[in-house]
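Chain residues, written in single-letter form:
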Amino acid sequence: VQLVESGGALAQPGGSLRLSCAASGFTFSRYVMSWYRQAPGKERELVATITDDGGSTNYPDSVKGRFTISRDNPKNTVYLQMNSLKPEDTAVYYCHGNYRWRVYWGQGTQVTVSS
């Protein structure tokens with residue numbers, strides 16, 4: 001089982017980034033997929049969730065209207081489009097999948113927002 005994130009980079013405030021998470025080794029289309037982030041010295045927090053069929057998404061107020069999660073089940077990939085980035089979005093971003101009792105995490109990708 002693997003979740004491999006990519007797309008993390010240095011971005012300027014107000015800029016955009018698109019993260020990708022490629023899944024393998026499990027039936028991706030059955031899993032609720034999420035993105036979490038963890039900034040230095042802070043707890044890991046949920047930033048976006050999408051249902052198995054992509055029909056429903058959920059975001060905390062801190063990113064609502066700026067971030068968009070989507071998925072492509074035939075490609076076993078989930079995305080996070082991040083717009084209007086702020087310095088406080090700086091964190092390691094993790095891909096997460098869960099189905100019943102099964103939970104998988106990716107290794108994370110660094111996003112730094114700075115001028």
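Predicted model only: the values in this text are computed from it and were never measured.

Structural notes on the packing of aromatic side chains
Under the counting rule described, the total for this entry stands at seven aromatic pairs. Here tyrosine 31 and tyrosine 99 contribute two aromatic rings whose centre-to-centre distance is 5.5 Å and whose plane-to-plane angle is 45°, an arrangement assigned as tilted. Of this pair, tyrosine 31 sits in the loop between β3 (17–24) and β4 (32–38) while tyrosine 99 sits in strand β9 (residues 91–99), placing them 68 residues apart in sequence. Each of the two residues, tyrosine 31 as well as tyrosine 99, counts as buried.

Some details on the state of the cysteines
One pass over the structure, following the stated rule, counts one disulfide. Cysteine 21 shares a disulfide with cysteine 95; S-S distance 2.1 Å. In this structure the cystine formed by cysteine 21 and cysteine 95 twists about its S-S bond by roughly -85°; its chirality is therefore left-handed. Of this pair, cysteine 21 sits in strand β3 while cysteine 95 sits in strand β9, placing them 74 residues apart in sequence.

Structural notes on the sheet that holds strand β1 (residues 2–6)
Across the sheet, which stays open at both edges, the four strands sit in the order β1-β3-β8-β7 with antiparallel pairing between neighbours. Looking at which strands have only one partner, the edges of the open sheet turn out to be β1 and β7 (67–72). Across the sheet, the mean angle from the axis of one strand to that of its neighbour is 15°, orientation sign disregarded. Note that β7 and strand β8 (residues 77–82) share six bridges and pair antiparallel. Opposite phenylalanine 67, over in β8, you have methionine 82 as the bridge partner.

Quick look at the layout of surface pockets
In this structure, the largest pocket occupies an estimated 180 Å³ of space. Arg37, Ala39, Lys42, Glu45 and Glu88 are, among the 13 residues lining the largest pocket, the residues nearest its centre. Taken together, the residues of the lining of the largest pocket break down into two nonpolar, three polar and eight charged.

What counts and what doesn't
- Residues numbered from 1 in each chain as written.
- Predicted model: local features only at pLDDT ≥ 70, side-chain atom pairs only at ≥ 80, totals over all residues.
- Heavy atoms only, no water.
- Phe/Tyr/Trp six-rings, centres within 6.5 Å; stacked < 30°, edge-to-face > 60°.
- Helix = DSSP H or I, 4+ residues; strand = E, 2+ residues; numbered from the N terminus.
- Buried < 20%, exposed > 50% of the residue type's maximum accessible area, 1.4 Å probe, protein only.
- Disulfide = S-S within 2.5 Å.
- Pairing = 2+ DSSP bridges.
- Axes fitted to C-alpha atoms, helices over the stretch in contact; angles between N-to-C directions.
- 1 Å grid on protein atoms, 1.4 Å probe; cavity = no way out; pocket = protein on both sides within 12 Å on 5 of 7 lines; lining within 4 Å.
- Points joined across faces, edges and corners; volume = space filled by probe spheres on them.
- Nonpolar A, V, L, I, M, F, W, Y, C, P; charged D, E, K, R; others polar.

Taken by themselves, the reported measurements are silent on function.
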